[in-house]
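Below, each chain spelled out in residue letters.
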Amino acid sequence: MLKKMLHNVRETTPLIHNITNYVTVNDCANALLACGGSPIMADDPDDAEEITAICGGLNLNLGTLNVRTIPAMFAAGKKAAELNHPIVLDPVGAGASSLRTDTAARLLDSLKITAVRGNISEVKTLALGSGSTKGVDADVADAITAETLAQTADFARKFAAKSNAIIIITGAIDIVADADRTYCIYNGNPMMSKVTGTGCMLSAITAAYLTANPSTPLEASAAAVISMGLCGELAFHRLTKKEGNATYRNYIIDEIYHLDEETLEGGARYELH
Amino acid sequence: MLKKMLHNVRETTPLIHNITNYVTVNDCANALLACGGSPIMADDPDDAEEITAICGGLNLNLGTLNVRTIPAMFAAGKKAAELNHPIVLDPVGAGASSLRTDTAARLLDSLKITAVRGNISEVKTLALGSGSTKGVDADVADAITAETLAQTADFARKFAAKSNAIIIITGAIDIVADADRTYCIYNGNPMMSKVTGTGCMLSAITAAYLTANPSTPLEASAAAVISMGLCGELAFHRLTKKEGNATYRNYIIDEIYHLDEETLEGGARYELH
Amino acid sequence: MLKKMLHNVRETTPLIHNITNYVTVNDCANALLACGGSPIMADDPDDAEEITAICGGLNLNLGTLNVRTIPAMFAAGKKAAELNHPIVLDPVGAGASSLRTDTAARLLDSLKITAVRGNISEVKTLALGSGSTKGVDADVADAITAETLAQTADFARKFAAKSNAIIIITGAIDIVADADRTYCIYNGNPMMSKVTGTGCMLSAITAAYLTANPSTPLEASAAAVISMGLCGELAFHRLTKKEGNATYRNYIIDEIYHLDEETLEGGARYELH
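Residues numbered from 1 in each chain as written. Chains lettered and ligands numbered in written order. Predicted model: local features only at pLDDT ≥ 70, side-chain atom pairs only at ≥ 80, totals over all residues.

S.K.: Sorry, what's going on with the nonpolar core here?
M.R.: Across soluble globular proteins, you tend to see nonpolar side chains buried next to one another. Ranked by size, the top nonpolar core spans 303 residues in total, and within it Ile-167 and Ile-205 of chain A, Ile-167 and Ile-205 of chain B together with Ile-167 and Ile-205 of chain C carry the most contacts. Setting aside residues no more than four positions away along its own chain, Ile-205 of chain B makes contact with Ala-31, Leu-32, Cys-35, Ala-224, Ser-227 and Met-228 of chain B. (Core = buried A, V, L, I, M, F, W, Y, C linked by C-beta atoms within 7 Å. Buried ≥ 20, exposed ≤ 12 C-beta atoms within 10 Å, placed from the backbone. Contact = placed C-beta atoms within 7 Å.)

Right under this line is the structure:
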């Protein structure tokens, strides 16, 4: 299954429209190229709809959210729905400010979102209208651990049912759920949190996997999350003593570039419930 | 000739004002520093004219184009013309949306553009008012190959004559043309298309070469294009098995940093017609 | 002293709100993570105040200044003052345009700025209302050398007294001054000027050091400056023959990531007057 998801990305070179923050946008572009997709970024309300029309999928990321580009997100999202393009929503900082919380809620309500990708605090905010987001990182009290896993998976399935979107919660353990099934994914490395944008890159890659695998969105999302975590592991093992988070960033993208189907299948660590 | 072009860049440290997209802007800045120039970025209409006035050249790039900064492009371009500064226009995504297509056309019509740098789809759009731009990459049907080279070179010369600008079309083979002469450049590596922003970096570097070599704009442009392609080759040969597009990005800029006159002259592969 | 400053950053993970330029913002984020802090970026006037409220410190950087985000700087700065958060002002390009010069002056006048970090031309502009900023680099005529050091240190202390802020002037020799005392810091490497954003990264890191060490702002600022210079030295010594400014950028951040208290204390080269 995982093999086929990756295969289809590399085979079809999905073109992804990203309306995203200016902090990690370059890494999102290179990560998309690395996984086999192709990036385009356009955030002007006058430009976004037409750019969406030539793409295959849409990635909406709320980092450095500003009022100028919010209308572009809605216009692009509406056009994407018309064209049956998958849409990923990354509610960066939902819970940290009302602009982000409200915009994330409005996007989820009014657009046909295929998948939401955030940390537990952001996703809880979106689901419950409250949360304890500490900046762009999840609150420690909310962390997904072995103890809270079953409960969080249950929460994710219920939110998936309610929102009709796949819910992706990333953390020490990652959860990918639709209304019925949950992937609990153990790939990844704690040092990934010391590289800005690993979450943003994953959201962009998820859009590529969803676009290339339109009939199996849950599997496509799980494959994207597993690929990112696995590449984080492989990149970590390449690090020598003097290398830190800047080199790690490059190695992660390098691993995405070289990831092949056998490595993905063999390195995947997950349970499907 | 090539030696002198590079020599003059390193000797004069041209300061280049870039109004460019937020995806690849950091790489443009580091590429400018690497080649011997110096970057400054200012995109506010209230700021652009004064910043242009302290610079030596201007680079206008339409990636992530937004209506807020378009007036800054015109203001900076007008001031640059007054001061006889060279202007490079990089019509990223022309053909992909009307905002980009129209803005590129208006900039070319109303400013004294020294050189246009784009892929074949973007440049065709600008020349003919139509094209088949697939995102920010050229359409396969438009690719420059040995078969279409003579025809594309002819097109470039005619467009150069009409626009009074040097026309730079990059692809598997690069073309640099004025109304009379054409450089067909064979340097480069296909993997450069897997790094976001190699085209943007080239446009920025071209502005530096043009600024440092005001009396020989065609040669300066050709030298910039050759240098980028050659550095792409040299960087590719440094890549080890595990290294992918992120490391390649760094190696390309590193090679630009270390490029010396002998390596440029010795590694250049081109024909002048 | 230096050991404790770094220790407190790593111990408390200060969350820093950055309103900064889109050229070097990714490096600022990774540098903050590397030093032990955590970054968040929000530049919309509707978002900035709330984001500041969940952070510990604020970093205002005037690169790619635009009129849309200036109100966000004032709103964030006012909220930061209410909460007793330290504020760093990096007046990028002050002296190069009136928008930047005026905005820097207004921010310094109306906010409770804890530290100003710039090159000598920018800081002179801010202090004297004039200067000779060449783009984002200091004018050669203004360079801090052994000959001009005593005079520049005197200038810095007077400006610190007048502005009630710590004055950080970076160059071949770095100066960190309050009204009474001056650190003259000899760490650093000339090649740092070939990497875009080393100054911006330092400003972000300084905000983290100030936030983690609220009772000793002069020492915190000096430690931040020393750490950056020292990491520039250590990174330079790692460079092999083929490695240029792109790799150097990564190595600098890697060194910040691995910097430990003993290395900082042992490698520091400064005088306190």
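Picking up after the structure, the text goes on.
S.K.: What am I meant to see in the packing of helix H10 (residues 245-258) of chain A against helix H2 (residues 25-35) of chain C here?
M.R.: Packed helix pairs are specified by the crossing angle of their axes together with the interaxial distance, meaning the distance between the axes. Following both chains from N to C, one finds H10 of chain A and H2 of chain C inclined at 120°, their axes separated by 9 Å at the closest point. Overall, the two elements H10 of chain A and H2 of chain C adopt an arrangement that is oblique. Across from Asn-245, Ala-246 and Arg-249 of chain A in H10 of chain A, the residues of H2 of chain C making contact are Asn-30, Leu-33 and Ala-34 of chain C. The residue makeup of the contact of H10 of chain A with H2 of chain C, split by class, is 3 nonpolar, 2 polar and 1 charged. (Axes fitted to C-alpha atoms, helices over the stretch in contact; angles between N-to-C directions. Helix = DSSP H or I, 4+ residues; strand = E, 2+ residues; numbered from the N terminus. Parallel < 35°, antiparallel > 145°, perpendicular 65-115°, else oblique. Nonpolar A, V, L, I, M, F, W, Y, C, P; charged D, E, K, R; others polar.)

S.K.: Could you clarify how one ought to interpret the interface of chain C and chain A in this entry?
M.R.: A common measure of how large an interface is: the accessible area buried when the components associate. Every contact between the two is made by 28 residues of chain C and, on the other side, 29 residues of chain A. For the side of chain C that touches chain A, the secondary-structure elements that each account for two or more residues are H2, strand E2 (38-41), helix H3 (45-54) and helix H10 (245-258) of chain C. A total of 6 residues in the side of chain C that touches chain A trace back to one element, the largest contributor, which is H2 of chain C. Residue composition of the side of chain C that touches chain A, grouped by class: 15 nonpolar, 5 polar and 8 charged.

S.K.: Is there a simple way to think about unusual backbone geometry in this case?
M.R.: As a rule of thumb, non-glycine residues mostly have phi less than zero, and peptide bonds are mostly trans rather than cis. The residue Asn-164 of chain B is not glycine, and still its phi comes out positive at about 55°. Mapped onto the secondary structure, Asn-164 of chain B falls in the loop between helix H7 (149-163) and strand E6 (166-169). Its identity as a non-glycine residue notwithstanding, Thr-64 of chain C has a phi of 40°, on the positive side. Checked against the element boundaries, Thr-64 of chain C lands in the loop between strand E3 (57-61) and helix H4 (70-82).

S.K.: What's the story with the relation of the copies chain B and chain A in this structure? I'm lost.
M.R.: Note on the chain copies: they are related by a rotation about an axis and a translation along it. Once turned by 120° and shifted 0.0 Å along the axis, chain B lies on chain A with an RMSD of 0.0 Å. Classification of the inter-copy transformation places it as that of a three-fold axis. For chain B, the minimum C-alpha distance to the rotation axis belongs to Tyr-22 of chain B and amounts to 3.5 Å. Little of the interface of chain B is mirrored in chain A, where only 14% of its interface residues again form contacts. (Least-squares fit on C-alpha atoms with pLDDT ≥ 70 in both.)

S.K.: Hey, could you run me through the sheet that holds strand E1 (residues 15-19) of chain C in this one?
M.R.: Backbone hydrogen bonds hold the strands of a sheet together, and the pairing may be parallel or antiparallel. Residues and elements named next belong to chain C. On the basis of which strands lie adjacent, the open sheet formed by 9 strands has the order E2-E1-E3-E4-E5-E6-E7-E8-E9 and mixed pairing. The two strands at the open ends of the sheet, each matched to only one other strand, are E2 and strand E9 (270-272). Neighbouring strand axes in the sheet, compared pairwise and without regard to direction, differ in orientation by 15° on average. Sheet analysis places strand E7 (residues 174-177) next to strand E8 (residues 182-185), joined by 4 bridges and oriented antiparallel. Within the sheet, the bridge partner assigned to Val-176 lies in E8 and is Tyr-183. H4 contacts E1, E3 and strand E4 (87-90) of the sheet and is inclined by roughly 155° relative to E3. (Pairing = 2+ DSSP bridges.)

S.K.: Looking at this structure, I do not really get helix H8 (residues 198-212) of chain A. What am I missing?
M.R.: Spacing of three or four residues puts side chains on the same side of an α-helix, whose turn is 3.6 residues. Relative to the 21 Å expected for 15 residues at 1.5 Å per residue, H8 of chain A spans 21 Å between its end C-alpha atoms, a close match to the ideal helical length. Most of H8 of chain A is tucked away, with 15 of its 15 residues classed as buried. (Expected span 1.5 Å × (residues − 1).)

S.K.: What is the right way to read the interface of chain B and chain A from this model?
M.R.: Across the boundary between the two partners, chain B contributes 29 residues, which contact 28 residues of chain A. Those elements that place two or more of their residues in the side of chain B that touches chain A are helix H5 (98-110) and helix H10 (245-258) of chain B. In terms of residues, the side of chain B that touches chain A owes the most to one element, H10 of chain B, which gives 5 residues. Here the residues of the side of chain B that touches chain A are counted per class, giving 9 nonpolar, 12 polar and 8 charged.

S.K.: Explanation requested: the environment of Thr-211 of chain A in the structure shown.
M.R.: Residues and elements named next belong to chain A. With respect to the secondary-structure elements, Thr-211 resides in helix H8. Given 26 C-beta atoms within 10 Å, Thr-211 falls into the buried group. Sequence separation between Thr-211 and Thr-263 is 52 residues; the distance between their C-alpha atoms is 22 Å. With near-sequence residues (within four places) excluded, Thr-211 lies in contact with Pro-14, Ile-16, Gly-56, Gly-57 and Pro-86.

S.K.: Help me out: how do you make sense of the environment of Glu-50 of chain C in this one?
M.R.: Structurally, Glu-50 of chain C can be placed in helix H3. In this structure Glu-50 of chain C comes out as partly exposed when scored by C-beta crowding, with 19 C-beta atoms within 10 Å. For Glu-50 of chain C and Glu-147 of chain C, which are 97 residues apart along the polypeptide, the C-alpha to C-alpha distance reads 47 Å. What Glu-50 of chain C contacts, discounting residues up to four positions off in sequence, is Ser-97 and Ser-98 of chain A.

S.K.: Can you walk me through the pairing of strand E5 (residues 115-118) of chain C in this structure?
M.R.: In regular strands, side chains alternate between the two faces of the sheet. Residue and element names in this part refer to chain C. Of the two faces of E5, the one lined by Ala-115 and Arg-117 and the one lined by Val-116 and Gly-118 are each fully buried. Of the strand pairs in this sheet, E4 and E5 are connected by 2 bridges, and their pairing is parallel. The residue bridging Val-88 from the neighbouring strand is Ala-115, located in E5. For the crossover that starts at E4, traverses helix H5 (residues 98-110) and ends in the parallel E5, the hand is right-handed. Of the pairings in the sheet, the one linking E5 to strand E6 (residues 166-169) comprises 4 bridges and is parallel in character. Within the sheet, the bridge partner assigned to Gly-118 lies in E6 and is Ile-169. (Right-handed = clockwise from strand over helix to strand, strands pointing away.)

S.K.: Can you walk me through the relation of the copies chain C and chain A in this structure?
M.R.: Each copy superposes on the other: chain C lies on chain A with an RMSD of 0.0 Å after a rotation of 120° and an axial shift of 0.0 Å. Little of the interface of chain C is mirrored in chain A: 14% of its interface residues are interface residues there too.

S.K.: Which parts of the structure should I look at to understand the packing of helix H2 (residues 25-35) of chain B against helix H8 (residues 198-212) of chain B?
M.R.: Residue and element names in this part refer to chain B. Packing of H2 against H8 leaves a shortest axis separation of 9 Å and a crossing angle of 40°. The angle between H2 and H8 places the two elements in the oblique class. Crossing hand, H2 versus H8: right-handed. In contact with Asp-27, Cys-28, Ala-31, Leu-32 and Cys-35 of H2, H8 contributes Cys-200, Met-201, Ala-204, Ile-205 and Ala-208. Here the contact of H2 with H8 is composed, by residue class, of 9 nonpolar, no polar and 1 charged. (Left-handed = near helix turned anticlockwise from the far one by under 90°.)

S.K.: Where do I start with the sheet that holds E6 of chain B in this structure?
M.R.: All names here are of chain B. Pairing in this open sheet of 9 strands is mixed, and the strands run E2-E1-E3-E4-E5-E6-E7-E8-E9 from one edge to the other. One side of each edge strand has no neighbouring strand; the edge strands of this open sheet are strand E2 (38-41) and strand E9 (270-272). Going from strand to strand, the sheet's axes swing by 15° on average, the running direction of each strand aside. Sheet strands touched by H8: strand E1 (15-19), strand E3 (57-61), strand E4 (87-90), strand E5 (115-118) and E6. Its angle to E3, the strand with the most contacts, is close to 160°. Taken strand by strand, helix H9 (residues 217-238) contacts E5, E6, strand E7 (174-177), strand E8 (182-185) and E9, and its axis lies near 165° from that of E7.

Taken by themselves, the reported measurements are silent on function.
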